[in-house]
Amino acid sequence: MIKQIAHLGIAGKDLEAAKRFYQDVLGLECVGEEVVPSQKVKTAFIPVGEVSIELLESIEPDGPIAKAIEKRGEGIHHIAYQVEDIEAALAAMKAKGVRLIDEQPRQGAHGVKIAFIHPKASLGVLVELCEYPH
């Protein structure tokens, strides 16, 4: 079901400052930014080998990222895993009694289908499933 780790989501209050750290200090390159209004977030992707870092900044004070930072502070927000068929993966997890945040996929950045598993089902880690367009 899981193909690979797709990205690590890191929540921060200042996307530009976060990008400067990854670019100027670590020497990595940001390959794209996108605002996802439905998620109330601005993202920047930084590839590191086959995995990416997804930097996240809330664009609304009531957005999920703003709430996460308020509750837990800045830092790792989620781990995203690539799947071939997100609907099948969600159905399999639901059949196993896994607590889901999303029972149906929604649109994420770059046209990717995404869905989240509740952290109470995964040892306190917010897990995102991603299906990339073919």
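Refer to the structure above for everything that follows.
Described in the following lines is the structure provided in the data block. As the structure is a computational prediction, the values presented were derived from the model and not from experiment. (Residues numbered from 1 in each chain as written. Predicted model: local features only at pLDDT ≥ 70, side-chain atom pairs only at ≥ 80, totals over all residues. Heavy atoms only, no water.)

**A few points about the overall build of the chain**
Rules: Secondary structure elements are taken from DSSP: a helix is a run of H or I of four residues or more, a strand is a run of E of two residues or more, and numbering for both begins at the N terminus. Only C-alpha atoms enter the radius of gyration, while the globule expectation follows 2.2 Å times N to the 0.38, with N the number of residues. Only heavy atoms enter the contact rule, under which two residues are in contact if any of them lie within 4.5 Å. Residue-level accessible areas treat just the shown protein chains as cover; the underlying method is Shrake-Rupley with a 1.4 Å probe.
Helix and strand counts for the chain stand at three helices and eight strands. In the chain, the succession of helices and strands from N to C terminus is β-α-β-β-β-α-β-α-β-β-β. The C-alpha radius of gyration computed for the chain amounts to 15 Å, which stays within 12% of the reference 14 Å derived for 134 residues, consistent with globular compactness. Judged by the C-alpha coordinates and their principal axes, the chain covers about 45 × 30 × 25 Å. Looking at the chain alone, contacts between residues at least 24 apart form 52% of all its contacts between residues at least 6 apart. Only carbon and sulfur atoms are counted for the fraction: they give 55% of the accessible area of the chain, which is about 7,600 Å².

**Some details on helix α2 (residues 64-72)**
Defined as follows: Summary of the burial criterion: residues with accessible area below 20% of their type's maximum are buried, those above 50% are exposed, and those between are partly exposed, where the area comes from a 1.4 Å probe applied to protein chains only. Working definition: the arc comes from the directions between the helix axis and the C-beta atoms, pointing outward to the latter.
Every buried residue belonging to α2 is among I65, A66, A68 and I69, and all of these are buried. Along the long axis of α2, the arc covered by the buried residues comes to 160 degrees, so they all point the same way. For α2, exposure combined with an orientation more than 90 degrees from the buried face picks out K67, E70 and K71. Structurally, α2 contributes buried residues whose contacts are with β1 (2-11), β3 (41-48), β4 (51-58) and β5 (75-83). Just past α2, the residue G73 takes up positive phi, approximately 85 degrees.

**Quick notes on the side chain of S58**
Heads up, the condition is: Identification of polar contacts relies on pairs of N or O atoms within 3.5 Å, with a donor-acceptor requirement for protein atoms, meaning one able to donate a hydrogen and the other able to accept it, and with residues adjacent in sequence counted only if both atoms are side-chain atoms.
By the secondary structure assignment, S58 is in strand β4. Polar contacts involving the side chain of S58 include one to the main-chain carbonyl oxygen of K40, which spans 3.5 Å. In terms of polar contacts, S58 uses its side chain to reach the backbone carbonyl oxygen of E60, at 2.5 Å. S58 has contacts with K40, V41, G63, I65 and A66, leaving out every residue within four places of it along the chain.

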